[in-house]
Amino acid sequence: MAAYLLVKPAGEARAQVSFPSLYDSEGADANTAPASGAASGQPRASLWDPLNQAWDSLQKQLDNHGIQLGLRYDGEIFTDMSGGLRRGATYLGNVNLQFTVDAQRLMGWSGATVFLYGLGIHGGYPSTFAGDAQGVSNIEAPAKWKLEEGWIQQNLFDNKFSALIGRYDLNSEFYRLQSASLFLNSSFGIGPEFSQSGQAGPSIFPNTSIGARLEVKPVEEVVVRAAVLDGVPVDRPNGTREIFAKGDGLLLVGEAAYLYRPLPAGQPRTRQFRIGRGCCGPYTGKLALGAWYYSATFDDLTKVHPDGRPVRHRGSRGVYLLADQTVYHDINYPDRRLTLFGQLGIGDPRVNRFAYYTGGGLTVSALIPGRDQDEFGIVVAAAHNGSQFIEAQRKQGTRLQRSEVTLELTYLAQLGSHLAVQPDLQFVMNPNTDRRTKNAVAFILRFELSF
């Protein structure tokens, strides 16, 4: 079975890499996808053709030996058009370098895969303009070069069982939906009730942890997975790097997903090049239930002992429910379809800011005739403060709104086999739930170069 890895950033967006894997029982082989723009006819010759041909030839030779190289650049021009903390514009980008080894093809080690992912982050900070809490850009992060992932995976029993160990992005498999991956707001990678939990967040972009993941596929439509990770990412907020330090505790995550695939193989077509966490898999419906738990000790947001010390709680927990369903598929135009999705996450309001999160929306593929690889989408994301956090802020003299709500409208345009462009408009109501901050209107022009 062949599949792709969906690797994520700021809560959120990453690329796909093809390799044998059980967990992509949710996906399809990205190498079977036609190059973007192929449906529009034979491309015109360009000055880049010799370079493209040389690169493609190198990739093919390496692939014959079980080695895959991936290079992608995500760039973004951000403008705060109205409201927020301040008007203005900035530029930011990520360089993604990925190296995958199919050990079966390279050295005869059946079912094993090695994956390395280097990440280079640079540029500005859109949320310092919009003033939002959820993150209007899912590639925003402190500038640095780092190893984002590095792991080895072993599949057994005809890919019905998979074990992975190493530095691992939790959101590459947990808490993700193919339809949500179109959008640029960070909450559509992983909800803020989870992404902003723990001592420094879970193991997601841009700070991942060391751990292990097990996955079982008991029947064709069901995938059950669990992960155990260091409770604090490798790269600490104070600038140090540690693994399983005293007091870290563990992060335990589990998820069960049901996947519905009534369409023939290859429909809907896998998109090889796109912005976001990768391509959308071939399922037409998904229902997933997940839960997470930190074993460390955390301070209560409001309760204190008589001597003023905060009450401490052993553990922090949450649950989430995800749904994704294609509700319309044009039989005359296989790429044209309408999909609805929803997200519900419940956090731990005793020790974390957000008590719960709700999000959802719709995507339309091939909306414009002749633009079969394009996608359009509209969504809403709402992060809701817990009562304890609101009370804690009130005691400090700050009055907050209950929720921050963001509306997002976006269009992904595939411009050939190596380039995608995505204009995106977001309207942020109650940025950071601060009554003093005006509603923000933000425009983003994202582009992706893939090789």
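Rules and cut-offs
Residues numbered from 1 in each chain as written. Predicted model: local features only at pLDDT ≥ 70, side-chain atom pairs only at ≥ 80, totals over all residues. Heavy atoms only, no water. Pairing = 2+ DSSP bridges. Helix = DSSP H or I, 4+ residues; strand = E, 2+ residues; numbered from the N terminus. Buried < 20%, exposed > 50% of the residue type's maximum accessible area, 1.4 Å probe, protein only. Phe/Tyr/Trp six-rings, centres within 6.5 Å; stacked < 30°, edge-to-face > 60°. Lys NZ or Arg CZ within 6 Å of the ring centre and 35° of its normal. Core = buried A, V, L, I, M, F, W, Y, C linked by side-chain atoms within 4.5 Å. Contact = heavy atoms within 4.5 Å. Polar contact = N/O pair within 3.5 Å; in protein donor to acceptor, adjacent residues only side chain to side chain. Salt bridge = Lys/Arg side-chain N within 4 Å of Asp/Glu carboxyl O.

Student: Please explain the pairing of strand β12 (residues 310-329) as it appears in this structure.
Tutor: In regular strands, side chains alternate between the two faces of the sheet. Where strand β11 (residues 285-304) and β12 come together, 14 bridges link them in antiparallel fashion. Bridging across to β12, D299 finds its partner in R312. Joining the antiparallel neighbours β11 and β12 is a turn of 5 residues, in which G308 adopts a positive phi near 95°. Note that β12 and strand β13 (residues 337-346) share 10 bridges and pair antiparallel.

Student: Please clarify how unusual backbone geometry should be interpreted in this entry.
Tutor: Working note: non-glycine residues mostly have negative phi, and peptide bonds are mostly trans. Between F205 and the following residue, P206, the backbone shows a cis peptide bond with an omega angle of 0°. Considering the arrangement of structural elements, one finds P206 in the loop between α4 (192-195) and β8 (209-219). Non-glycine residue F244 carries a positive phi angle of around 50°. Take F244: it is sitting in the loop between β9 (222-230) and β10 (250-260). Given the relative accessible area of 44%, F244 is considered partly exposed. Even without being glycine, T433 reaches a positive phi, approximately 55°. By the secondary structure assignment, T433 is in the loop between β17 (419-429) and β18 (438-450).

Student: What is the right way to read the packing of aromatic side chains from this model?
Tutor: Two numbers describe a pair of aromatic rings. These are the distance of the centres and the angle of the planes. Using the criterion set out here, one finds 12 aromatic pairs in the structure. Relative to W151, the ring of F115 lies with its centre 5.1 Å away and its plane at 40°, an arrangement referred to as tilted. With F115 in strand β5 (residues 112-123) and W151 in strand β6 (residues 144-156), this pair connects stretches of sequence that are 36 residues apart. As far as burial versus exposure is concerned, F115 and W151 are alike and both buried. Linked through ring pairs, F194, W292, Y294 and F298 together constitute an aromatic cluster. Above the plane of the ring of F174 lies R225, whose end atom (NZ or CZ) is 5.8 Å from the centre. The ring of Y333 carries the charged tip of R336 above its face, separated from the ring centre by 4.7 Å.

Student: I'm lost on the nonpolar core in this one. Help?
Tutor: Nonpolar side chains in soluble globular proteins tend to be buried together. Ranked by size, the top nonpolar core spans 42 residues in total, and within it L170, F188, F194, L251 and V253 carry the most contacts. Where this core is concerned, the elements lending two or more residues are β5, β7 (161-168), β9, β10, β11, β12 and β15 (375-385). By residue number, the principal contributor to this core is β11, which donates 5 residues. Residues in contact with L170, not counting those within four places in the same chain, are F194, P202, S203, I204, A227, L229, L251 and V253. Listed in part, the 9 residues of the second largest apolar core include A130, V136, L184 and A442.

Student: What is the right way to read the side chain of D348 from this model?
Tutor: Of note, D348 is situated in the loop between β13 and β14 (354-365). Side chain to side chain, D348 and S316 meet in a polar contact 3.5 Å long.

Student: I would appreciate a short explanation of the pattern of salt bridges in the present structure.
Tutor: Pairing between side chains of opposite charge can happen when their charged atoms approach one another. Tallying each qualifying case throughout the model produces 21 salt bridges. For R72, the salt bridge identified is with D74, shortest N-O distance 2.7 Å. Of the two residues examined, R72 and D74, each falls in the buried class. Through salt bridges with shared partners, a single ionic network connects K146, E148, R167, D235 and R241.

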